[in-house]
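Listed here are the chains, written in short residue letters.
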Amino acid sequence: MTATIIDGKAFAADIRGRVAEQVTALKAAHGITPGLAVVLVGTDAASEVYVKSKGRMTGEVGMESFSHRLPEETSEADLLALVEQLNADRSVHGILVQLPLPCHMNSDAVINAIDPAKDVDGFHISNVGLLGTGQKAMVPCTPLGCLMMLRDHLGDMSGKEAVVIGRSNIVGKPMAHLLLGENCTVSIAHSRTKDIADVVRRADIVVAAVGRPGMVKSDWIKPGATVIDVGINRVEAEGGKTRLVGDVDFDEVREVAGAITPVPGGVGPMTIACLLANTLTAACRANGLPEPEGLTV
Ligand SMILES: Nc1nc(=O)c2c([nH]1)NC[C@@H]1CN(c3ccc(C(=O)N[C@@H](CCC(=O)O)C(=O)O)cc3)C=[N+]21
């Protein structure tokens, strides 16, 4: 059996189209333009690329984009002062502070200084607590994008076995909560899990988010399972070039799985689309308007 390829790039384009329509409607009916502020500290080359494509796509859906680039040696106090300024700015509905931050900063303190209503990454402890207790939260973009693809492909997930590989605060833990919300039986596997292949082989749904290129092999996968690959790893390719690969050995696993997301073109584009969706959601909530349709959990 060869797996269906879940086209995250096309799905993300569709979501951005729906966001754009609702932004147009919001402007026309209420004169509100959603605004997203992105803060980048230091000059990590990969981060620059994400920040640039986020900025471009924000403009394409009709939102305002505010970009703040601070030097590597910025003090935590200065970054906190910028966050305060963005919290108070009524034209800013969403704030994203790009991670990782330089190691002289306490990321938790910075993230928790963001107004939870503007925390479009969903990383603030208030949003984490709301998601963990099944209340209305800002949901982290990558897990939200994975959930949208799973719902689209599988529909009802009640009673299915789901295994999340990786226990990060950014992907693994919130993903597990979302899958619980879909009534899956959820396990989280990680670097200390014993017999990880046996654990993963139980799963109808596998979400791999560990950051190890090609770790998940075909003999880990139950035939017909749905495999979501969150990994974005840059590896050496022929001719001194680099290429992106996921955490899943795509060529092997596609022969066993029922469906699989590719890298690139899978989860990555969905992450950015969900960031825009969250910014629209934040703008609606800030103005006491109904939630955008089909763009929240
Ligand atoms: N506060 C914060 N929030 C984030 O959401 C966040 C962050 N920090 N730090 C960095 C990571 C990384 N990230 C990506 C988003 C989209 C692609 C993406 O669209 N990737 C394309 C390929 C892009 C390429 O070719 O380089 C794809 O997978 O098809 C990748 C990576 C968001 N991050």
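- The name recorded for the protein in an unreviewed UniProt entry is Bifunctional protein FolD, from Limimaricola cinnabarinus LL-001.
- The annotation that UniProt attaches to the protein under Subunit (unreviewed entry) is "Homodimer."
- Quoted verbatim from the Sequence similarities (unreviewed entry) field of UniProt, the annotation for the protein is "Belongs to the tetrahydrofolate dehydrogenase/cyclohydrolase family."

### Brief notes about the site of the ligand
Here is step 1 of the chain: Near the ligand lie 15 residues; those nearest to it are Val97, Gln98, Leu99, Asp121 and Gly265.
Here is step 2 of the chain: Here a nitrogen atom of the ligand sits 3.0 Å away from a polar atom, N or O, in the side chain of Gln98.
Here is step 3 of the chain: Contact distances for the ligand include 2.8 Å between a nitrogen atom and a backbone N or O atom of Leu99.
Here is step 4 of the chain: Here the ligand has 670 Å² of accessible area as a free molecule, and 76% of this is covered by the chains.

### So, the pattern of salt bridges
Here is step 1 of the chain: As enumerated under the stated definition, the model contains 9 salt bridges in all.
Here is step 2 of the chain: Close ionic contact of Asp204 with Lys222 constitutes a salt bridge, the shortest N to O distance being 2.8 Å. Separated by 18 residues along the polypeptide, Asp204 in the loop between helix H8 (196-201) and strand E7 (205-208) and Lys222 in the loop between E7 and strand E8 (226-229) bring together distant segments of the chain.
Here is step 3 of the chain: Glu291 is the salt-bridge partner of Arg285, the closest N and O atoms lying 2.7 Å from each other.

### Brief notes about the UniProt feature "domain: Tetrahydrofolate dehydrogenase/cyclohydrolase catalytic" (unreviewed entry) in the protein
Here is step 1 of the chain: According to UniProt, the feature "domain: Tetrahydrofolate dehydrogenase/cyclohydrolase catalytic" (unreviewed entry) maps to residues 6-121 in the numbering used here.
Here is step 2 of the chain: As annotated, residues 6-121 has a helix share of 49% and a strand share of 16%, and its two end C-alpha atoms lie 24 Å apart.

### Quick word on the UniProt feature "binding site: NADP(+)" (unreviewed entry) in the protein
Here is step 1 of the chain: Mapped onto the present numbering, the UniProt feature "binding site: NADP(+)" (unreviewed entry) falls on Gly166, Arg167, Ser168 and Ile232.
Here is step 2 of the chain: Residue placement: Gly166 occurs in the loop between strand E5 (161-165) and helix H7 (172-181).
Here is step 3 of the chain: Apart from the residues within four sequence positions on either side, Gly166 is in contact with Gly172, Ile188, Ala189, Ala209 and Val210.
Here is step 4 of the chain: Take Ile232: it is sitting in the loop between E8 and strand E9 (233-236).
Here is step 5 of the chain: According to the relative accessible area criterion, Ile232 is partly exposed, its value standing at 43%.
Here is step 6 of the chain: Residues in contact with Ile232, not counting those within four places in the same chain, are Tyr50, Leu244, Val245, Val263 and Gly268.

So, how was this worked out
Residues numbered from 1 in each chain as written. Predicted model: local features only at pLDDT ≥ 70, side-chain atom pairs only at ≥ 80, totals over all residues. Heavy atoms only, no water. UniProt positions renumbered as here; feature names shortened; annotations may be inferred. Near = heavy atom within 4 Å. Polar contact = N/O pair within 3.5 Å; in protein donor to acceptor, adjacent residues only side chain to side chain. Areas by Shrake-Rupley, 256 points an atom, 1.4 Å probe, with all protein chains shown as cover. Salt bridge = Lys/Arg side-chain N within 4 Å of Asp/Glu carboxyl O. Helix = DSSP H or I, 4+ residues; strand = E, 2+ residues; numbered from the N terminus. Contact = heavy atoms within 4.5 Å. Buried < 20%, exposed > 50% of the residue type's maximum accessible area, 1.4 Å probe, protein only.

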